[in-house]
Amino acid sequence: MQGEISFDEVQDKDMNKIYQTLSKRQKNVFDLLCTGKQSVADITIALGYGDPRSCIRDLREKSITVNDEWIDAGDGVKFKRFWIDSDMRSCEALSVGEILDLPAFNNTRYGRR
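What you are looking at is a predicted structure, and each value in this text was computed from that prediction instead of being measured. (Residues numbered from 1 in each chain as written. Predicted model: local features only at pLDDT ≥ 70, side-chain atom pairs only at ≥ 80, totals over all residues. Heavy atoms only, no water.)

A few words on the overall build of the protein. The secondary structure content of the protein amounts to 5 helices and 3 strands. For the protein, the succession of helices and strands along the chain, N to C, is α-α-β-α-α-β-β-α. The proportion of buried residues among the 113 residues of the protein is 32%. Sequence separation of at least 24 residues holds for 48% of the intrachain contacts in the protein that already meet a minimum separation of 6. Of the roughly 7,500 Å² that the protein leaves accessible, carbon and sulfur atoms contribute 47%. (Helix = DSSP H or I, 4+ residues; strand = E, 2+ residues; numbered from the N terminus. Buried < 20%, exposed > 50% of the residue type's maximum accessible area, 1.4 Å probe, protein only. Contact = heavy atoms within 4.5 Å. Areas by Shrake-Rupley, 256 points an atom, 1.4 Å probe, with all protein chains shown as cover.)

Another point: the packing of helix H2 (residues 24-34) against helix H3 (residues 40-47). Between H2 and H3, whose axes approach to 11 Å, the crossing angle comes to 120°. Put simply, H2 runs oblique to H3. By crossing handedness, the relation of H2 to H3 is classed as right-handed. Touching Asn 28, Val 29, Leu 32 and Leu 33 of H2 are Ile 43, Ala 46 and Leu 47, all from H3. (Axes fitted to C-alpha atoms, helices over the stretch in contact; angles between N-to-C directions. Parallel < 35°, antiparallel > 145°, perpendicular 65-115°, else oblique. Left-handed = near helix turned anticlockwise from the far one by under 90°.)

Trans is the prevailing form of peptide bonds, just as negative phi is the prevailing case for residues other than glycine. Of note in this structure, Ser 63 is not a glycine but carries a positive phi near 70°. Mapped onto the secondary structure, Ser 63 falls in the loop between helix H4 (53-61) and strand E2 (67-74). In this model, Asp 75 sits at a positive phi of 55°, which is unusual for a non-glycine residue. Topologically, Asp 75 is positioned in the loop between E2 and strand E3 (77-83).

Interaxial distance between H2 and H4 falls to 9 Å at its minimum, and their mutual angle equals 85°. Considering the angle they form, H2 stands roughly perpendicular to H4. Here Arg 25, Gln 26, Val 29, Phe 30 and Leu 33 of H2 lie close against H4, whose contacting residues are Cys 55, Ile 56, Asp 58 and Leu 59.

Enumeration according to the criterion identifies 1 aromatic pair in this entry. Positioned above the aromatic ring of Tyr 49, the side-chain terminus of Arg 25 is 4.1 Å from the ring centre. The ring of Trp 70 has Lys 78 sitting right over it, with the charged end atom 5.2 Å from the ring centre. (Phe/Tyr/Trp six-rings, centres within 6.5 Å; stacked < 30°, edge-to-face > 60°. Lys NZ or Arg CZ within 6 Å of the ring centre and 35° of its normal.)

Summarising the model, the protein shows a mean pLDDT of 78, and 65% of its residues fall at 70 or more. In the model of the protein, helix H5 (residues 96-100) stands out as the element of lowest mean pLDDT, 66, in contrast to H4, which has the highest, 95. Across residues 1-6 the pLDDT falls below 50, and counting only partners more than four positions away or on other chains, this stretch makes 12 contacts in the model. Across residues 8-12 the pLDDT falls below 50, and counting only partners more than four positions away or on other chains, this stretch makes 4 contacts in the model. (pLDDT = per-residue confidence, 0-100.)

For the rest of this paragraph, the subject is the sheet that holds E2. With antiparallel pairing, the 3 strands of this open sheet are ordered in space as E1-E3-E2. Both edges of this open sheet fall to strand E1 (38-39) and E2, since each of them pairs with a single strand only. Bridge count between E2 and E3: 7 bridges; the pairing is antiparallel. Looking at E3, one finds that Gly 74 is bridged to Val 77. (Pairing = 2+ DSSP bridges.)

Given below as structure tokens:
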């Protein structure tokens, strides 16, 4: 169930108006980033998008603050996690079971049918 985003004005722009200009993919990435910190792999698994970094770039170009941090996983492996700070979410957070039931997980490649 999706409701109206309750954000204060960001850089003199109404977030609800900005949200309405987003494409479906951008809205999906936005909604997921509002639920907490996500790596590119997390976003890909949850939404089934091959490389969501362009959506993150597009969100930033529309004056949406997408935070990020580098994570050192050891053995020279580093990756970024992204998130959007929000007091209220634009959608309800999905449970692990709901994420696993998404079409991206419903195939034999992940051992599910």
